[in-house]
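Observations on the three-dimensional arrangement
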Amino acid sequence: MPRNTLHPTASRARRASAVLATSALVGGALMIAPAAFAAPAPGEAPDDLGLTGADVMTHLTELADITESFADQGYRTWNGPGYEAAAQYAEQILEGTGAFTVSRQTFDVPYSELGEASLTVDGTTYTGSHFDNSEGTDEPYTATLALPLDAEGTHIGCAATDYATVPAGAIVLIQRGVCTFEEKIDFASAAGAGSVFVYNNERPAEEGVSPDDQLTNVGSGPRNEEDSPAATLPQSAGDTLAALVEAAAADAPVEATAVIEKQFLVSQTFNVIADSIAGDPEDTVVIGAHLDGVAEGPGVNDNASGSAAVLALAEKVAASEVPNDKRIRLALWGAEEIGLLGSTAYVDDLVQNDPAELARISAYLNYDMIGSENFTVGVYDADRSTFPADGVTIPDGSVEIEKIYTDYFDSIEQPWIDSEYSGRSDYQAFIDNGIPSGGLFSGGDDIKTDEQAELFGGTPGVFMDRNYHTVDDTLANVNRNSIDIFTPAIGHAAFALAWDAAVDPEPTPEPTPGEPSPDPTTEPTPEPTGEPTGEPTATPSPVPTATTGPGANGPGGNLPRTGSDVAGSPLPAIGIGMLALGVIVAAGTAVVRRRPQQ
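The model shown is predicted, which means the values in this text are computed figures rather than measured ones.

1. With respect to the pairing of strand S2 (residues 124-127)
Relative to S2, strand S1 (residues 100-121) is paired through 4 bridges, and the arrangement is antiparallel. Bridge pairing links Thr120 to Thr125 in S2. Hairpin connection from S1 to S2: 2 residues lie between these consecutive antiparallel strands, with Asp122 at a positive phi of about 50°.

See the structure below:
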């Protein structure tokens with residue numbers, strides 16, 4: 001799961017057209033063939049396809065070993081040999097099931113090659129770090145070092161007026177806090193800064209960040225070539241330099257030299273896509289996890305754990321005695337850690353080139369981190385019962401997906417909590433384009449509360465995954481109990497969405513007591529034509545019993561019943577019209593969103 005994104009944000013008009021198009025496509029498809037999910041009956045064991053934590057651990061162990069073998073080459077980062085090796089292993093497993101056709105989808109990746117980031121004052125060089133998309137210096141840049149100043153006397157730099165006394169061309173030193181890094185850089189650039197350094201502020205103790213720690217893996221928004229070059233500094237360096245500037249005489253300002261070495265390039269990477277051979281190709285359930293990791297560590301929880309679950313699920317789908325009724329598409333996304341690029345490229349390609357195929361996707365399930373060492377059992381909060389999800393459009397049908405998970409956990413008396421429906425993982429492009437989505441999350445850089453510790457064990461007051469994006473995200477630090485809890489739920493959600501037996505059957509009308517049967521339409525036979533038999537010649541048939549299992553309940557979809565299956569309903573016709581509208585609007589649109597950082 002990324003802390004930031006590299007991909008530029010789509011324009012408002014572009015996003016609106018994409019959402020209109022795909023809402024029409026998906027909404028039209030759902031009006032044609034809606035259905036309702038069946039929750040497990042009281043006392044009934046929910047179907048989980050037999051998927052177990054042991055199945056996931058088999059693949060997780062292999063992926064961990066592969067990744068660790070490339071420790072000196074960036075582990076499993078999107079463009080490294082570790083990612084290629086992990087992808088080859090995944091392809092071998094998927095193809096070996098005999099139940100999936102496997103392919104790679106390549107896409108372009110804008111990225112940066114980073115060199116030195118430093119600020120030198122009076123012969124002392126203070127080493128910094130890079131923002132993702134900020135500009136670099138062409139050569140060492142020397143100028144006056146200046147501070148923004150607000151009405152409270154702080155150097156936060158979150159308003160244009162804070163830069164009133166900053167000389168044009170100055171190197172501006174700004175403290176972290178209140179507004180986003182992007183806003184700070186924009187304000188300083190508008191004031192004519194020659195370069196910008198944002199230094200860390202004092203962090204909460206539970207974050208475990210010291211004043212000398214670098215700000216790493218931080219986002220500054222989409223690239224803006226008009227912005228001033230920008231980088232970061234640790235708190236200790238920033239405090240020292242700010243004190244020097246404040247103590248300097250007006251006629252003897254502090255002079256500094258900035259070096260921010262960065263080169264913007266474009267390369268390629270790929271997603272691994274596996275389509276089930278069984279299942280209706282007109283109704284596709286996509287289940288995904290990102291396979292790439294960060295260069296800072298092996299990424300066994302983030303996100304070899306989700307990828308291992310997808311591989312184990314593929315084996316259970318193949319082994320099912322009754323094949324899936326809907327097509328299952330398994331996706332292992334690339335370049336998630338640098339901005340959700342793989343999943344975004346996949347959805348954008350459908351929006352631009354095959355909107356009808358996009359309309360065939362009835363649901364997306366996302367698994368990003370399911371083995372956090374200080375875990376909680378989190379379900380994406382589509383109904384906003386805990387988190388308001390401001391600014392996030394949650395497609396119709398997502399609440400029903402959330403309920404699949406929560407009903408499952410309730411049926412086995414497993415506590416669970418809501419996880420913010422933030423779009424901070426690979427479901428973002430799907431929800432931006434109207435696809436109902438859901439998923440599970442064991443926790444990352446959120447602090448565990450006392451109440452959560454009572455429910456799930458672990459340590460309150462610290463991160464749910466203290467190894468997140470570090471060298472310690474290893475197999476030894478994956479919580480096996482978390483894997484064992486999440487894994488069957490993943491199997492159950494696949495069953496609930498892709499097998500017709502998981503769909504509530506049409507209700508059978510009950511006869512009204514006391515109503516007479518209608519008159520017969522044929523004349524009765526006046527008399528029997530033969531002699532009656534003294535004894536019956538066959539044993540009477542037993543009372544028929546209902547059966548369950550994939551296919552037993554007939555065809556159906558995976559969203560709440562809307563009435564389109566009622567005789568005379570106009571909704572199928574409306575749905576067809578919406579599909580046509582979606583095809584017209586969809587061409588050339590694409591959507592990407594990002595999460596701003598402070």
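2. A short note on helix H4 (residues 181-190)
For H4, every residue scored as buried is listed here: Phe181, Glu182, Lys184, Ile185, Ala188 and Ser189. Looking straight down H4, one finds that the buried residues subtend no more than 165° of arc, so they occupy a single side. Turning to H4, the residues buried within the fold contact strand S5 (171-175), strand S6 (195-199) and strand S7 (230-233). Where H4 terminates, the next one or two residues include Gly192, which has phi positive at roughly 90°.

3. Section: the pattern of salt bridges
The final tally for this structure, using the stated rule, is 15 salt bridges. Here Arg104 makes a salt bridge to Glu91, at a shortest N to O gap of 2.6 Å. In this pair, Arg104 sits in strand S1 while Glu91 sits in helix H3 (residues 81-96), placing the two residues 13 residues apart along the sequence. Judged by relative accessible area, which is 35%, Arg104 ranks as partly exposed. A salt bridge links Asp484 to Arg480, with the shortest nitrogen-to-oxygen separation between them at 3.0 Å. Here Asp484 and its partner Arg480 are both found in helix H12 (residues 480-498), 4 residues apart, which amounts to about one turn of the helix. The class for Arg480 is partly exposed, based on a relative accessible area of 37%.

4. Description of the pairing of strand S4 (residues 141-146)
Sheet topology places S4 next to strand S8 (residues 255-276); 4 bridges connect them, and they run antiparallel. By the bridge assignment, Ala143 is partnered in S8 with Ala256. Sheet topology note: the S4/S5 ladder contains 2 bridges and is parallel. Within S5, the position partnered with Ala146 by the bridge is Val172.

5. Details of the side chain of Asp132
Mapped onto the elements, Asp132 comes out in the loop between strand S3 (129-130) and S4. Here Asp132 is buried and forms no salt bridge, its nearest opposite-charge partner Lys262 lying at an N-O distance of 6.4 Å. Within the structure, the side chain of Asp132 is placed 3.0 Å from the backbone nitrogen of Ser220, a separation counted as a polar contact.

6. Observations concerning unusual backbone geometry
In this chain, Asp302 is followed by Asn303 through a cis amide linkage whose omega measures 0°. Relative to the assigned elements, Asn303 resides in helix H6 (residues 300-319). Residues other than glycine seldom take positive phi values, yet Ala335 does so here, at roughly 55°. Tracing the chain through its elements places Ala335 in the loop between strand S10 (326-333) and helix H7 (341-353). Residue Ala335 is classed as buried on the basis of its relative accessible area, which comes to 0%. At Leu340, a position not held by glycine, the phi torsion is positive, near 60°. When you line up the elements, Leu340 lands in the loop between S10 and H7.

7. Concerning the nonpolar core
Looking at soluble globular proteins, one finds that nonpolar side chains tend to be buried together. Counting 66 residues, the largest nonpolar core has Ile287, Leu313, Leu330, Tyr405, Phe409 and Leu440 as the members making the most contacts within it. When residues in this core are grouped by element, the largest group, 11 residues, is from H12. Setting aside residues no more than four positions away along its own chain, Leu330 makes contact with Leu94, Phe100, Val272, Ile273, Ala274, Ile287, Val310, Leu313 and Ala314. Listed in part, the 26 residues of the second largest apolar core include Val286, Tyr346, Ile361 and Phe441.

8. Here we look at the packing of aromatic side chains
In total, this model carries 14 aromatic pairs according to the counting rule given. Considering the side-chain rings of Trp333 and Tyr364, the 6.3 Å spacing of their centres and the 55° angle between planes classify their relative orientation as tilted. In this pair, Trp333 is assigned in strand S10 and Tyr364 in strand S11 (residues 361-367), connecting sequence segments 31 residues apart. Neither residue differs from the other here; Trp333 and Tyr364 are each classed as buried. Among the aromatic side chains, those forming a connected cluster through ring pairs are Trp333, Tyr346, Tyr364 and Phe430. Of note, Arg223 hangs over the ring of Phe264, and the distance from its end group to the ring centre comes to 3.6 Å. If you follow Lys448 out to its NZ or CZ, it ends over the ring of Phe375, 5.7 Å from the centre.

9. Observations concerning the environment of Val245
Structurally, Val245 can be placed in helix H5 (residues 235-247). Separated by 10 residues in sequence, Val245 and Glu255 have C-alpha atoms that sit 9.2 Å apart. Leave out the neighbours within four places in its chain, and Val245 touches Leu145, Leu147 and Val254.

10. With respect to the state of the cysteines
Summed over all chains, the structure comprises 1 disulfide. Paired through a disulfide, Cys158 and Cys179 show a sulfur-sulfur distance of 2.0 Å. Around the S-S axis, the bridge from Cys158 to Cys179 shows a dihedral of about -85° and counts as left-handed. Remark: Cys179 occurs in the loop between S5 and H4 and Cys158 occurs in the loop between S4 and S5; sequence separation between them is 21 residues.

11. As for H6
With 20 residues, H6 extends 26 Å between its outermost C-alpha atoms, agreeing within 8% with the 28 Å of an ideal straight helix rising 1.5 Å per residue. Among the 20 residues in H6, 16 count as buried, and that is most of the element.

12. Points about the environment of Ile338
Here Ile338 is to be found in the loop between S10 and H7. Judged by relative accessible area, Ile338 falls into the buried class, the value being 16%. Expressed as a C-alpha distance, the spacing of Ile338 and Trp78, which sit 260 residues apart in the sequence, is 8.5 Å.

13. As for the environment of Gly136
As for its placement among the helices and strands, Gly136 is situated in the loop between S3 and S4. C-alpha of Gly136 to C-alpha of Ala230: the two residues are 94 residues apart in sequence and 6.7 Å apart in space. Residues contacting Gly136, with those up to four places away along its chain left out, are Pro229, Ile260 and Lys262.

14. Description of the packing of helix H2 (residues 53-68) against H6
Between H2 and H6, whose axes approach to 8 Å, the crossing angle comes to 130°. As the angle between them shows, H2 and H6 are arranged oblique. As for how H2 packs across H6, the hand of that crossing is right-handed. Contact with H2, carried on its side by Asp55, Val56, His59, Leu60, Leu63 and Ala64, involves Val300, Ala304, Ser305, Ser307, Ala308, Ala309, Leu311, Ala312, Glu315 and Lys316 of H6 and no other residues of that element. When the residues that make up the contact of H2 with H6 are grouped by side-chain class, the tally is 10 nonpolar, 3 polar and 3 charged.

Rules used throughout
Residues numbered from 1 in each chain as written. Predicted model: local features only at pLDDT ≥ 70, side-chain atom pairs only at ≥ 80, totals over all residues. Heavy atoms only, no water. Pairing = 2+ DSSP bridges. Helix = DSSP H or I, 4+ residues; strand = E, 2+ residues; numbered from the N terminus. Buried < 20%, exposed > 50% of the residue type's maximum accessible area, 1.4 Å probe, protein only. Arc of directions from axis to C-beta. Contact = heavy atoms within 4.5 Å. Salt bridge = Lys/Arg side-chain N within 4 Å of Asp/Glu carboxyl O. Lys, Arg positive; Asp, Glu negative; His and termini not counted. Polar contact = N/O pair within 3.5 Å; in protein donor to acceptor, adjacent residues only side chain to side chain. Core = buried A, V, L, I, M, F, W, Y, C linked by side-chain atoms within 4.5 Å. Phe/Tyr/Trp six-rings, centres within 6.5 Å; stacked < 30°, edge-to-face > 60°. Lys NZ or Arg CZ within 6 Å of the ring centre and 35° of its normal. Disulfide = S-S within 2.5 Å. Expected span 1.5 Å × (residues − 1). Axes fitted to C-alpha atoms, helices over the stretch in contact; angles between N-to-C directions. Parallel < 35°, antiparallel > 145°, perpendicular 65-115°, else oblique. Left-handed = near helix turned anticlockwise from the far one by under 90°. Nonpolar A, V, L, I, M, F, W, Y, C, P; charged D, E, K, R; others polar.

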